[in-house]
Structure formats: C-alpha cells, structure tokens
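Spelled out from the first residue to the last, the chains are:
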Amino acid sequence: MIFLKEIEKSFIYYKVDKVPIMKFKSIKLKHKTIPIEEIKKRSKIYYNLIKKRRSIREFSLKNINDSIIKNAIKSAGTAPNGANLQPWHFVVIKNKKIKKEIRKAAEKEEKNFYNKIAPIEWLKALEPLGTDANKQFLEEAPILIAVFEKKYETKNKIKIKNYYVKESVGIATGILISALHYAGLCMLTHTPNPMTFLNKILKRPINEKPFVLLVVGFPKLNTKVPKFASQKKSLNEISTWFK
C-alpha cells in the first residue's frame, strides 16, 4: 500500500494511493411481489399524501416523541449513495439555548442576504412566499435537524474520499422529509448562506459541511401558508416519456 502525505490546514492526513480491494459478496434480495393493482393503489395513496406537504413557518410548542425522529433518520440512512460510504450526519437539536444561538447566527446571515447580497430578481421571486430575515421559527419549533455532508472520512490519519456526496445527501434528505411528512409532522427546509456557523455551534469537524437545516414540528392552530406554494407544475411540464 502506498501513502502520499498531504497537509491540509493544521492536520496531517494520508491519501491512499492503492486501497485494499474488498471482495464482492452477494446476498439474496428480499422482495415481496405485489399484484399490480395493489401497486397502483399504493402509488396513488402516496401521491395523495405527499402532495399535501407544505413548508410552514408557524410551529406549535407541542413536543415530538424521539422515536419518530429516530425512525425518520434511520429511513434517511437507507438512501442510495456513492460506493455505500453514506456521507451524511444528522444532528438533532432540542436544546433551547442552542436553538437560540442558531437563530441569532442565521438571522445575521439572512439580514446580510436580504439587505446587501440578494439580487433584485431573487428578492422578487421570494415575494409571493412572504419570507424575510426574521427566523423566529428556529426557536419555536420543538426540533431542528441539521444535515451535514461529509466530504471525506478520516481514520487513523488516513483520509478517505467520499463520492457523489451532494447527490447522496440530497437523496437522503428527500427521504427524511418524506418520512417526517408520512409520520404526520410538518417542516421547513432552511438554508441560510453561508451555514458554516452550524459547524461551530454544533461542534462538527472540518470534513463536514452543512447541507440543510430542517425545522420540524406541528403547525400552530390556524397556520397559514403561501397560496403560491400550492401551484405545482403539471406532469407534462416536469417529465418526458419515451415509449
């Protein structure tokens, strides 16, 4: 095995030039064949459920049982990913002090975005959604889930590259959102830019980069959502079929 020494920031890693080959082994697929009519029924049931998903910004203080979040994260962990290296980490935040700290840091970035960075076209695109720099929901919601993408792993000072990281983490996040919605929860995908403050607050290592912050909970009574958000493109607009 040949190692190439590499210095990154103040840490010394070793890049593997020749990685030991893991022998391929297979196991029998566990798959239950379902009648086509049942498959059609299930697909329609799922669509009718997921199409009701909406991002909300008004959260009830009602607590969420940890087992619900754990099952959703375990579901996300089954996502297809590059070389099965599973380049993700999920941080669940319930602590009020930490949520307040996250809100403060996020609002600082958002104020900079809305007042200085964002082009006029972007701000106009956001107008129908009614968003602004105030992120009170970061403290109100009972749970925040910070999703991190892992660019590489380090084991015994050996730097192991992960592959298709964004694609893998994006798929896992989609499954996480779907699982939470299926369980009966509401959420908001929050992506202040930059999000590096999450590394500091949540004490995450330099090989991890914040991907998205999910705000999770139950809606307040009489919660309203933007009408514009219910306008989804038709099947013909979002798909092309070759038969």
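See above for the structure.
Residues numbered from 1 in each chain as written. Predicted model: local features only at pLDDT ≥ 70, side-chain atom pairs only at ≥ 80, totals over all residues. Heavy atoms only, no water.

**Overview of the side chain of His-181**
For step 1, the next point in the chain: One can find His-181 in helix α6 (residues 165-183).
For step 2, the next point in the chain: Engagement of the side chain of His-181 in a polar contact is seen with the backbone oxygen of Leu-49, the distance being 2.8 Å.
For step 3, the next point in the chain: Apart from the residues lying within four places of it in its own chain, the contact partners of His-181 are Leu-49, Ile-50, Lys-52, Arg-53 and Met-187. (Helix = DSSP H or I, 4+ residues; strand = E, 2+ residues; numbered from the N terminus. Polar contact = N/O pair within 3.5 Å; in protein donor to acceptor, adjacent residues only side chain to side chain. Contact = heavy atoms within 4.5 Å.)

**Observations concerning the nonpolar core**
Proteins that are soluble and globular tend to have nonpolar side chains buried together.
For step 1, the next point in the chain: In this structure, Ile-69, Phe-90, Ile-145, Leu-176, Leu-180 and Val-216 are the most contacted members of the largest nonpolar core, which totals 24 residues.
For step 2, the next point in the chain: Looking at this core, the elements that each hand over two or more residues are α2 (66-76), β3 (88-93), β4 (143-150), α6 and β8 (208-217).
For step 3, the next point in the chain: Beyond its immediate chain neighbours, meaning those up to four positions away, Leu-180 contacts Ile-69, Ala-72, Ile-145, Leu-185, Met-187, Leu-214 and Val-216.
For step 4, the next point in the chain: Of all hydrophobic cores here, the second largest spans 21 residues; its members include Ile-56, Ala-141, Met-195 and Ile-201. (Core = buried A, V, L, I, M, F, W, Y, C linked by side-chain atoms within 4.5 Å. Buried < 20%, exposed > 50% of the residue type's maximum accessible area, 1.4 Å probe, protein only.)

**Looking at the sheet that holds β4**
For step 1, the next point in the chain: Ordered by their spatial adjacency, 4 strands build an open sheet running β3-β4-β8-β7, and the pairing between neighbours is antiparallel. Edge strands, defined here as strands with exactly one partner in the open sheet, are β3 and β7 (186-190). Direction aside, neighbouring strands of the sheet carry axes that sit 25 degrees apart on average.
For step 2, the next point in the chain: As paired strands, β3 and β4 are joined by 6 bridges and run antiparallel to one another. Bridge pairing in β4 links Ile-93 to Leu-144.
For step 3, the next point in the chain: Docked against the sheet, α2 engages β3, β4 and β8, running at close to 165 degrees with respect to β3. (Pairing = 2+ DSSP bridges. Axes fitted to C-alpha atoms, helices over the stretch in contact; angles between N-to-C directions.)

**Here we look at the environment of Ile-201**
For step 1, the next point in the chain: On the secondary structure map, Ile-201 appears in helix α7 (residues 197-202).
For step 2, the next point in the chain: Ile-201 sits in the buried class, given a relative accessible area of 12%.
For step 3, the next point in the chain: Sequence separation between Ile-201 and Glu-101 is 100 residues; the distance between their C-alpha atoms is 7.5 Å.
For step 4, the next point in the chain: Beyond its immediate stretch of four places on either side in the chain, Ile-201 contacts Ile-98, Glu-101, Ile-102 and Ala-105.

**Details of unusual backbone geometry**
For step 1, the next point in the chain: Omega for the bond connecting Asn-193 with Pro-194 falls within 30 degrees of zero, at 5 degrees, which places this linkage in the cis form.
For step 2, the next point in the chain: Topologically, Pro-194 is positioned in the loop between β7 and α7.
For step 3, the next point in the chain: Here the phi dihedral of Asn-156 falls at roughly 55 degrees; this positive angle occurs in a residue that is not glycine.
For step 4, the next point in the chain: Tracing the backbone through its elements, the reader meets Asn-156 in the loop between β5 (152-155) and β6 (158-161).
For step 5, the next point in the chain: Of note, the phi angle at Lys-157 is positive, near 65 degrees, even though the residue is not glycine.
For step 6, the next point in the chain: Among the secondary structure elements, Lys-157 is positioned in the loop between β5 and β6.

Any link to function would need more than the numbers given here.
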